[in-house]
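Chain by chain, the residues run as shown.
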Amino acid sequence: MGREAAKTVGAKAAQTSNFDAIVIGAGVAGLYQLYKLRELGLRVRAFEAGSNVGGTWYWNRYPGARFDSESWTYGYSFSKELLDEWDWQEHFAPQPETERYLNFVADKFDLRRDLQLNSRVASARFNDKSRSWEIALEDGRRYSGRFLVTAIGILSAPTMPNITGIDTFKGISCHTHAWPKEGVDFTGKRVGIIGTGATAVQTIQEIAKTVGQLTVFQRTPNWCAPLHNGKISKEEMRDIRSRYDEIFALCRTSPGCYIHAPDPRKTLEVSPEDREAFWEKLYDSPGFGVWMGQFSDTLTDREANKLASEFIAKKIRQRVKNPAVAEKLIPKNHGLGTRRVPLETGYYEVYNQPNVELVDINETPIERVTATGIETGERAYEFDIIIYATGFDAITGAFDRIDITGTDGLRLKDVWRDGPQTYLGVFIEGFPNLLMAMGPHAGLGNYTRTAEYSVEWVTGVIRFAIERGLTRIEATADGVGEWTDHVLALGEGQLMNEIGSWMTGVNRNVEGKQRPRIMRYSGGHPAYRKHCDAIAAEGYRTLALA
Ligand code: NAP
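Residues numbered from 1 in each chain as written. Predicted model: local features only at pLDDT ≥ 70, side-chain atom pairs only at ≥ 80, totals over all residues. Heavy atoms only, no water.

Focus on the overall build of the protein chain
(1) Moving on: Within the protein chain, the regular secondary structure consists of 19 helices and 20 strands.
(2) Moving on: Its C-alpha atoms give the protein chain a radius of gyration of 24 Å, within 12% of the compact-globule value 24 Å for 546 residues.
(3) Moving on: Buried positions account for 58% of the 546 residues belonging to the protein chain.
(4) Moving on: Counted over contacts in the protein chain with a minimum sequence separation of 6, partners at least 24 positions apart contribute 72%.
(5) Moving on: Carbon together with sulfur atoms contributes 49% to the accessible area of the protein chain, which is approximately 22500 Å² in total.
(6) Moving on: Counting 66 positive and 70 negative side-chain charges, the protein chain places the centres of these two groups 4 Å from one another. (Helix = DSSP H or I, 4+ residues; strand = E, 2+ residues; numbered from the N terminus. Rg over C-alpha atoms; globule rule 2.2 N^0.38 Å. Buried < 20%, exposed > 50% of the residue type's maximum accessible area, 1.4 Å probe, protein only. Contact = heavy atoms within 4.5 Å. Areas by Shrake-Rupley, 256 points an atom, 1.4 Å probe, with all protein chains shown as cover. Lys, Arg positive; Asp, Glu negative; His and termini not counted. Charge placed at Lys NZ, Arg CZ, Asp CG, Glu CD.)

Here's the deal with the sheet that holds strand 14 (residues 373-376)
(1) Moving on: The sheet built from 3 strands is open, its strands ordered 13-14-15 with antiparallel pairing. Each of the sheet's edge strands pairs with one partner strand only, and the pair in question is strand 13 (366-369) and strand 15 (380-382). Across the sheet, the mean angle separating the axes of adjacent strands is 20 degrees when strand polarity is ignored.
(2) Moving on: The pairing of strand 13 with strand 14 spans 3 bridges and is classified as antiparallel. (Pairing = 2+ DSSP bridges. Axes fitted to C-alpha atoms, helices over the stretch in contact; angles between N-to-C directions.)

Details of the domain arrangement of the protein chain
(1) Moving on: Examined at the domain level, the protein chain breaks down into domain 1 (3-157 + 394-545) and domain 2 (193-256 + 297-388).
(2) Moving on: Measuring from the centre of the C-alpha atoms in domain 1 to the corresponding centre in domain 2 gives 29 Å.
(3) Moving on: The interface of domain 1 with domain 2 comprises 40 residues on the first partner and 41 residues on the second.
(4) Moving on: Taken together, the two surfaces of domain 1 and domain 2 that pack against each other cover about 3400 Å², and 56% of this comes from carbon and sulfur.
(5) Moving on: Taken as a group, D68, W72 and L495 account for 20% of the area that domain 1 buries against domain 2, more than any other trio of residues on that side.
(6) Moving on: Of the charged contacts in the structure, one is a salt bridge between E90 and K231, with a shortest N-O distance of 3.5 Å. (Domains from an automatic or database assignment. Buried area = accessible area lost by both parts, 1.4 Å probe. Salt bridge = Lys/Arg side-chain N within 4 Å of Asp/Glu carboxyl O.)

Concerning the nonpolar core
Nonpolar side chains tend toward joint burial in soluble globular proteins.
(1) Moving on: Core analysis: the biggest nonpolar cluster contains 133 residues, and W88, L214, Y351, F427, W457 and I462 have the highest contact counts within it.
(2) Moving on: It is helix 17 (residues 447-467) that contributes the most residues to this core, 11 residues altogether.
(3) Moving on: Mapping this core onto the domain boundaries places at least three of its residues in each of domain 1 (3-157 + 394-545) and domain 2 (193-256 + 297-388).
(4) Moving on: When sequence neighbours within four positions are dropped, the list of residues in contact with I462 reads L37, L40, L42, F147, V149 and L435.
(5) Moving on: By size, the runner-up hydrophobic cluster in this structure holds 23 residues, among which are F19, I24, W133 and L434. (Core = buried A, V, L, I, M, F, W, Y, C linked by side-chain atoms within 4.5 Å.)

Focus on the side chain of Q116
(1) Moving on: Inspection of the secondary structure assignment puts Q116 in strand 3 (residues 115-116).
(2) Moving on: Side chain to side chain, Q116 and S119 meet in a polar contact 3.4 Å long.
(3) Moving on: Reaching out from Q116, the side chain makes a polar contact with the side chain of Y143 at a distance of 2.9 Å.
(4) Moving on: Leave out the neighbours within four places in its chain, and Q116 touches R45, A46, F47, E48, L137, R141 and Y143. (Polar contact = N/O pair within 3.5 Å; in protein donor to acceptor, adjacent residues only side chain to side chain.)

Points about the site of the ligand
(1) Moving on: In the region of the ligand, 25 residues are neighbours, and R66, T199, T220, R339 and W502 sit closest.
(2) Moving on: Q202 is positioned with one of its side-chain polar atoms (N or O) 3.2 Å from a nitrogen atom of the ligand.
(3) Moving on: At a separation of 2.9 Å, a nitrogen atom of the ligand approaches a polar side-chain atom of N509.
(4) Moving on: Contact with the protein chains covers 85% of the free accessible surface of the ligand, which is 910 Å².
(5) Moving on: A per-element tally of the shell around the ligand places helix 7 (residues 198-207) first, with 3 residues. (Near = heavy atom within 4 Å.)

Focus on the sheet that holds strand 8 (residues 190-194)
(1) Moving on: Read from one edge of the open sheet, 5 strands run 7-16-8-9-12, paired in parallel fashion. One side of each edge strand has no neighbouring strand; the edge strands of this open sheet are strand 7 (172-175) and strand 12 (356-360). With strand direction ignored, the average angle separating the axes of adjacent strands in the sheet is 15 degrees.
(2) Moving on: Pairing geometry for strand 7 and strand 16 (residues 385-388), over 4 bridges, is parallel. Within strand 16, the residue paired with C174 across the bridge is I387.
(3) Moving on: Against the sheet, helix 7 touches strand 8, strand 9 (213-218) and strand 16, its axis set at about 165 degrees to strand 8.

In structure tokens, the structure reads:
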């Protein structure tokens, strides 16, 4: 199939603003989605809000931003040529390297000719008559396309804290997601940072090297563990390249598509000495092993989780000299791995510097931001720079920021008011021809690995429709009900789903997002793929096709 079939779909699309398919986003998923749909011979346009490609890796250029997944597991696997041509420089690549990589991909596959930058999609409305989506950009330009694929990311809607006076600050202030391209010089500056998630941890450990004075405002500490990054030599890269098939095959076997998978043993089956040795090894190894490679019951059994947490707490106490500060840095309301584990390089040692102060805002809440700094109930802090590392309205937030209307005026925001309801994390009932690459309730994990699968599955359904002259694909009420129930049932008993974090859709700065919800498929990516593959193999009979 190719151009001929595509012509049928786009037969009435005489104007250049009508496409066979529209993709929103030109990040990791969007770039590949554009590539795959173009491969089908479709007339596709991808709209990207940024002034260049890269998504997460375009926006998040804050100091110290880098992968916490091994670079060589994060690249695309679909092109042998690409794998041959690209050399990773570090095991956990910094943001500039990843941004270069995604630009290299865009150029190599000539994706830019179908890409429209500086184009933020404001609304999308399904036209039942033409069976197509009509989208409007923020600047008012309009386009339409039979299929609409969202590749808008899971952490792309940044949120500022609700603190009085933020706009009155006269110094430099910025959310980490919207970091200025020209960078910020921290040398000798008085800096305040709000937040202690993965982003803040990377920022803090980097800027602590040059700041004059740093004040960290912490609401909830996280369990952080060493990244153990290193440069990749030419020889090492040659070896990695020779093992790409093996590496990607290994990622396919693990629940999160990482090279790290849980140890099949249960915590209490192992002697205390052997447990200690096992945890030491994880703590000394690079990457997410300390989270993903734990004993198999760590994220389901409270006692197991408590023991693993105590091991990390001991490490924090050893690394932070002031015992009172160490205690503040040890999470008390959640166990290891139940929120995303930030990986760090010297993060805890930053708190041993005389020019660094940790403020627990549970004890001394922030009252306001002023022209010159931040005031708590206890003190006024003067700053030259304030950094907001306050996170994202995750998973559904990027959808909420587009006014999406399906059949009969149905608004997505209303449909998802009590949490996402999807079929396979790809379709939504009442929103025909809208397909989500990496939607809520899909199997998420190592982003590129899971995005490649998602994009390929989405492309498969579109190909199926086009080959048969079908112009309307939609989830059924039964399909959505069953999938949503299945995802919710799988999430039961997972300690991760009991705690507020972006992974459970909690953002205390956003109205209606205060309680944890099950936002992700927690049965592991291999099971997710098995399910989706079976549906494709059976000819998508569970979808309403017309
Ligand atoms: P986050 O984990 O949601 O952290 C946001 C931080 O801001 C939290 O410490 C939060 O405190 C705090 N905060 C929010 N509103 C606040 C308020 N009003 N007052 C005081 N504190 C407030 O966001 P993130 O650090 O940007 O990370 C999000 C995710 O992005 C990560 O978990 C990770 O998946 C991804 N990421 C990946 C990498 C990588 O691969 N290397 C790097 C960075 C980020 P509470 O916890 O109390 O809400």
